[in-house]
Amino acid sequence: MANGKGGRPKGAAAAVEALVTPVLTEMGLRVWDVRFEKEGPDWFLRVYIDRDAPLDLDACEAAARAIDPVLDEADPISQRYFLEVGSPGLGRRLTRDAHFAALRGRKVCVRLIRPDETGARDAAGILLGKEGPDVMFEREDGTRFSVAEKDASYFKLCDDEDLF
């Protein structure tokens, strides 16, 4: 996994993020996440971008064209890889403290590593924010609950529920 403690990318992903953030910021884009992942025999450098307006293929292509020469010149990754630039998409995962802050007030789903006291492994609620290592939620009925970040497999935005 490309993320380290505190939700910050580590290693190659951190180096790439430092290089591409100024370029993407100048284009009106934000870096959502950077992952350097192996799939089969191949390595993929995935730069997930976001902005206030909806993203389209043209914006992703323009971002890829802008950061490719920066990466070629700095050469932060010595091995061969495929560059992919795209949107974090619907159901985007929250992996950084900044994600939890930015999505406060939105419905977020959490998948627990182990079932809770009721036997459930999935929960959802309106994200209230983070307090230290705990992520705070409010259910539709107004009750509040928290989940320690270490107890969750993932947190993701629940903006794709109605599609399925």
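As the structure is a prediction and not an experimental result, all values here were calculated from the model.

Draft legend 1. Representation of the environment of F82. With respect to the helices and strands, the residue F82 is situated in strand β3 (residues 82–86). Residue F82 is classed as partly exposed on the basis of its relative accessible area of 33%. Taking the C-alpha atoms as reference, F82 lies 10.0 Å from E37; in sequence the two are 45 residues apart. Beyond its immediate sequence surroundings of up to four residues, F82 is in contact with D42, W43, F44 and L45.

Draft legend 2. Structural context of helix α1 (residues 11–26). With 16 residues, α1 should cover 22 Å at 1.5 Å per step; its first-to-last C-alpha distance of 24 Å lies within 8% of that length. All of the buried residues along α1 are A13, V16, E17, V20 and L24. On its buried side, α1 packs onto β1 (30–39), β2 (42–50) and α2 (57–74). Of the residues one or two after α1, G28 is the one with positive phi, at around 80°.

What counts, and at which threshold
- Residues numbered from 1 in each chain as written.
- Predicted model: local features only at pLDDT ≥ 70, side-chain atom pairs only at ≥ 80, totals over all residues.
- Heavy atoms only, no water.
- Helix = DSSP H or I, 4+ residues; strand = E, 2+ residues; numbered from the N terminus.
- Buried < 20%, exposed > 50% of the residue type's maximum accessible area, 1.4 Å probe, protein only.
- Contact = heavy atoms within 4.5 Å.
- Expected span 1.5 Å × (residues − 1).

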